[in-house]
Amino acid sequence: MAGELEGSKPLSGLLSGLAQSTFHGHTGITEELLRSQLYSEVPPEEFRPFLEKMRGLLKSIAYADMDFNQLEAFLTAQTKKQGGITADQAAVISKFWKSHKTKIKESLINQSRWENSLKTMNWRVDLKSQSKHLDQINVPVAIVELELGKSGQIGI
Amino acid sequence: MAADCQSLLELTMEGLCQPPQEVGSEVTNQLLDLQWKMGMAVSSDSCKSLKSPYVAVTLKVADQSGQITNKSFEMTIPQFQYFFKQFKEMAAVIETV
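Residues numbered from 1 in each chain as written. Chains lettered and ligands numbered in written order. Predicted model: local features only at pLDDT ≥ 70, side-chain atom pairs only at ≥ 80, totals over all residues. Heavy atoms only, no water.

## Observations concerning the overall build of chain A
How we decide: Each helix corresponds to a stretch of at least 4 residues labelled H or I by DSSP, and each strand to a stretch of at least 2 residues labelled E; elements are numbered beginning at the N terminus. Note on method: radius of gyration uses C-alpha positions; expected globular size equals 2.2 Å times residues raised to 0.38. For each residue, the accessible area found with a 1.4 Å probe, counting protein chains only, is set against the maximum for its type, and the residue is called buried under 20%, exposed over 50%, and partly exposed in between. Only heavy atoms matter for contacts: two residues are in contact if any of them lie within 4.5 Å across the pair. What sets the accessible areas is the Shrake-Rupley method with a 1.4 Å probe; for residues, cover comes only from the shown protein chains.
A tally of regular secondary structure across chain A gives six helices and two strands. Sequence-ordered secondary structure for chain A, helices as α and strands as β, is α-α-α-α-α-α-β-β. For 156 residues, the compact-globule estimate of 2.2 N^0.38 gives 15 Å, and the C-alpha radius of gyration of chain A, at 25 Å, exceeds that figure by more than 25%. The principal-axis extents of the C-alpha atoms in chain A amount to approximately 85 × 35 × 20 Å. Residue burial in chain A is summarised as follows: out of 156 residues, 36% are buried. For chain A, contacts bridging at least 24 residues in sequence account for 65% of all contacts bridging at least 6. Summing over all exposed atoms, chain A offers an accessible surface of approximately 9000 Å²; the carbon and sulfur share of this is 51%.

Below, the structure is given as structure tokens:
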């Protein structure tokens with residue numbers, strides 16, 4: 001069973017699923033979904049700590065916004081730790097971070113914006129032809145429609 | 001960037017903001033004032049180094065009954081540049097009308 005977790009093929013898929021739920025706000029990706037899709041031979045009680053370990057690694061890497069040197073040093077240290085990762089797993093994580101780093105950073109920035117953002121903007125210019133107040137005739141008026149809303153927040 | 005914000009402010013104050021009209025004389029809300037600030041999100045609990053600049057705007061708006069509310073929102077720099085571009089286009093149209 002432990003041999004299954006040490007494999008590196010399903011890990012790439014796992015990291016994608018983790019990134020989707022942790023950073024990009026995808027709510028449908030549960031632990032059970034990931035386990036049954038990618039590590040079906042592994043019992044849930046073994047899978048859970050493994051998943052949390054991977055999630056923790058991704059969050060640490062994202063928190064520090066590691067460049068490639070820092071990433072290599074960090075992952076190498078993880079391979080030397082008791083209960084850490086294998087060299088194969090380190091390689092998968094490294095490859096994953098390199099291709100997803102930018103998108104994850106964008107999502108993190110989005111998550112940190114808690115005020116309204118500008119969703120859409122429409123406008124037109126009117127020329128008043130009739131009005132209660134004569135001094136308003138032939139005054140151009142710009143009318144703007146702004147749609148404001150919250151975006152990028154997870155789970156609130 | 002600050003220069004752009006200042007130009008936007010001048011544009012809106014000159015061309016688009018109006019002194020409060022009599023109650024019931026306008027069919028849409030009226031823009032009374034526009035305030036802006038530029039900020040930089042430095043760090044968050046999920047990312048130590050965000051380094052993300054933004055423009056925050058507050059609009060003071062009077063509705064048809066004269067009631068005044070503030071509407072505020074934030075924009076990323078690209079969003080702000082789009083926002084600003086719309087106002088420049090509006091100003092150009094108003095010139096020609």
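So much for the structure itself; the text now carries on.
## Observations regarding the overall build of chain B
Helices and strands together make up the secondary structure of chain B, namely two helices and three strands. Helices and strands appear in chain B in the N-to-C order α-β-β-β-α. Relative to its full complement of 97 residues, chain B shows a buried share of 37%. In chain B, the proportion of contacts linking residues at least 24 apart, taken out of those at least 6 apart, comes to 42%. For chain B, the accessible surface area stands at approximately 5600 Å², while carbon and sulfur atoms represent 53% of it.

## So, the packing of aromatic side chains
As a reminder, the rule being used: Aromatic rings from Phe, Tyr and Trp, with only the six-membered ring used for Trp, were paired whenever their centres fell within 6.5 Å, and each pair was classed as stacked if the ring planes differed by under 30 degrees, edge-to-face if by over 60, and tilted otherwise.
Within this structure, the stated rule accounts for six aromatic pairs over all chains. With centroids separated by 6.4 Å and ring planes inclined at 50°, the aromatic side chains of F47(A) and F50(A) adopt a geometry described as tilted. Note that F47(A) and F50(A) are positioned in helix 4 (residues 44-64) at a spacing of three residues, about one turn of the helix. F50(A) shares its class with F47(A); the two are buried. Ring geometry for F73(B) versus F83(B): centroids 5.8 Å apart, planes at 75°, classification edge-to-face. Remark: F83(B) occurs in helix 2 (residues 77-96) and F73(B) occurs in strand 3 (residues 68-76); sequence separation between them is ten residues. Under the relative-accessibility criterion, F73(B) is labelled buried at 1%. A relative accessible area of 0% means that F83(B) is categorised as buried.

## Thoughts on the pattern of salt bridges
A pair can form between side chains of opposite charge whenever their charged atoms are brought close. Residue and element names in this part refer to chain A. Filter applied, for reference: Within this document, salt bridges are pairs made up of a side-chain nitrogen of Lys or Arg and a carboxyl oxygen of Asp or Glu, the two lying within 4 Å of each other.
The final tally for this structure, using the stated rule, is eight salt bridges over all chains. With a closest N to O distance of 3.0 Å, R35 and E32 form a salt bridge. Here R35 and its partner E32 are both found in helix 3 (residues 31-38), three residues apart, which amounts to about one turn of the helix. What makes E32 partly exposed here is its relative accessible area of 41%. Of the charged contacts, one joins D126 and R124 as a salt bridge, the two residues approaching to 2.8 Å between their closest N and O atoms.

## A closer look at the nonpolar core
The condition is simple: Side-chain atoms within 4.5 Å link the members of a nonpolar core, which is a set of buried Ala, Val, Leu, Ile, Met, Phe, Trp, Tyr and Cys residues.
Judged by nonpolar contacts, the single largest core of 35 residues is most densely connected at L11(A), L14(A), F47(A), M54(A) and I93(A). Of all the secondary structure elements, the ones that give two or more residues to this core are helix 2 (9-22), helix 4, helix 5 (68-80) and helix 6 (87-111) of chain A. If sequence neighbours within four positions are ignored, M54(A) has contacts with L11(A), L14(A), L18(A), I85(A), Q89(A) and I93(A). The next biggest cluster of nonpolar side chains, apart from the first, holds 18 residues, and it includes L118(A), L31(B), V55(B) and F80(B).

## Considerations on the UniProt feature "domain: COMM" (unreviewed entry) in chain B
Under the convention used in this document: UniProt positions are given in the numbering used here, feature names are shortened, and annotations may be inferred rather than shown by experiment.
The sites that carry the UniProt feature "domain: COMM" (unreviewed entry) are, in the present numbering, residues 30-97 of chain B. Helix and strand shares over residues 30-97 of chain B are 29% and 47% respectively, and the end C-alpha atoms of the span are 20 Å apart.

## Regarding the interface of chain B and chain A
Interfaces are often described in size by the accessible area the parts lose on coming together. Note the threshold: Pairing of N or O atoms within 3.5 Å defines a polar contact, subject to two protein rules: one partner must be a possible hydrogen donor and the other a possible acceptor, and residues neighboring in sequence count only if both atoms are side-chain atoms.
Residue-level contacts link 32 residues of chain B with 28 residues of chain A. At the junction of chain B with chain A, the criterion picks out zero salt bridges. Linking chain B to chain A there are six residue pairs in polar contact (both at pLDDT 80 or more). Those elements that place two or more of their residues in the side of chain B that touches chain A are strand 2 (52-62), strand 3 and helix 2 of chain B.

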